[in-house]
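Listed here are the chains, written in short residue letters.
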Amino acid sequence: GENVEQHPSTLSVQEGDSAVIKCTYSDSASNYFPWYKQELGKGPQLIIDIRSNVGEKKDQRIAVTLNKTAKHFSLHITETQPEDSAVYFCAASRNNAGNMLTFGGGTRLMVKP
Amino acid sequence: DAGVTQSPTHLIKTRGQQVTLRCSPKSGHDTVSWYQQALGQGPQFIFQYYEEEERQRGNFPDRFSGHQYPNYSSELNVNALLLGDSALYLCASSRGPGNNYGYTFGSGTRLTVV
């Protein structure tokens, strides 16, 4: 089955700096890669996603890149703000697995004011 | 528009007991998936229900079972609880079993087994 590895497990940045979180996946048939933000006491919330026919996607301060050959994808957050502090998860899904997601282990992002 | 609602929010059970968790999907959604999230880890897929049938299952024992009702709401049942079943149980809903668009998670039920 699919295996998703995520690094780093914790990340501390100063407000205004950029943050990068990286994930690798094992199943070359995976074709959908969402990123979730999870705040304390809440469920994961989708912040951005990318499909395998696209190399990069941007939404304001957030961007995701995908390298299918190397089987890795990354989340980039620019101009970080204290409210970006949360746990971030990457995930992968394949077409014939319905919408079942395989998650990475998570990254705790701390943005210091 | 209500999102995915789960009940209860917290509960404590004794080892060996049985538990039922409930999920109401987002309006317009007909597919429900359940995930287990142990402390400090990513969610793990348990199973998915569509048209009142289990469509996919992750690597979980038969102690974990579910049900989906005609109104698309769903239940997760866990029998013979183990200490290791302590986790946050998340429900996610979508429109169709193969549709990632609009895949929405609830806030979860925190289960503690003592």
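Since the model is a prediction, treat every value here as computed from it, not as a measurement.

### Observations concerning the overall build of chain A
In step 1: Within chain A, the secondary structure is distributed over zero helices and eleven strands.
In step 2: Counting helices and strands in the order they occur from the N terminus, chain A gives β-β-β-β-β-β-β-β-β-β-β.
In step 3: Relative to the globule expectation of 13 Å for 113 residues, the C-alpha radius of gyration of chain A, 14 Å, shows essentially globular dimensions.
In step 4: In terms of principal-axis extent, the alpha carbons of chain A reach across some 45 × 30 × 20 Å.
In step 5: Each of the 113 residues in chain A was classed as buried or not, and the buried ones make up 48%.
In step 6: Taking contacts inside chain A between residues at least 6 apart in sequence as the whole, the part at least 24 apart equals 53%.
In step 7: For chain A, the exposed surface amounts to about 5600 Å²; the carbon and sulfur share of it is 46%.
In step 8: Charged side chains in chain A number 12 positive and 12 negative. The centres of these two groups are separated by 4 Å.

### Some points on the interface of chain A and chain B
One frequent convention defines the size of an interface as the accessible area lost when the parts assemble.
In step 1: Chain A puts 18 residues into the contact, and the matching count from chain B is 23 residues.
In step 2: Summing both partners gives a buried area of about 1400 Å² for chain A against chain B, and 50% of it is carried by carbon and sulfur.
In step 3: Applying the counting criterion to the chain A and chain B interface returns zero salt bridges.
In step 4: Listed by contribution, the elements that provide at least two residues to the side of chain A that touches chain B are β4 (30–38) and β9 (86–94) of chain A.
In step 5: Looking at which element gives the most residues to the side of chain A that touches chain B, the answer is β4 of chain A, with three residues.
In step 6: Each residue belonging to the side of chain A that touches chain B can be placed in one class, and the counts come to eight nonpolar, eight polar and two charged.

Analysis parameters
- Residues numbered from 1 in each chain as written.
- Chains lettered and ligands numbered in written order.
- Predicted model: local features only at pLDDT ≥ 70, side-chain atom pairs only at ≥ 80, totals over all residues.
- Heavy atoms only, no water.
- Helix = DSSP H or I, 4+ residues; strand = E, 2+ residues; numbered from the N terminus.
- Rg over C-alpha atoms; globule rule 2.2 N^0.38 Å.
- Buried < 20%, exposed > 50% of the residue type's maximum accessible area, 1.4 Å probe, protein only.
- Contact = heavy atoms within 4.5 Å.
- Areas by Shrake-Rupley, 256 points an atom, 1.4 Å probe, with all protein chains shown as cover.
- Lys, Arg positive; Asp, Glu negative; His and termini not counted.
- Charge placed at Lys NZ, Arg CZ, Asp CG, Glu CD.
- Buried area = accessible area lost by both parts, 1.4 Å probe.
- Salt bridge = Lys/Arg side-chain N within 4 Å of Asp/Glu carboxyl O.
- Nonpolar A, V, L, I, M, F, W, Y, C, P; charged D, E, K, R; others polar.

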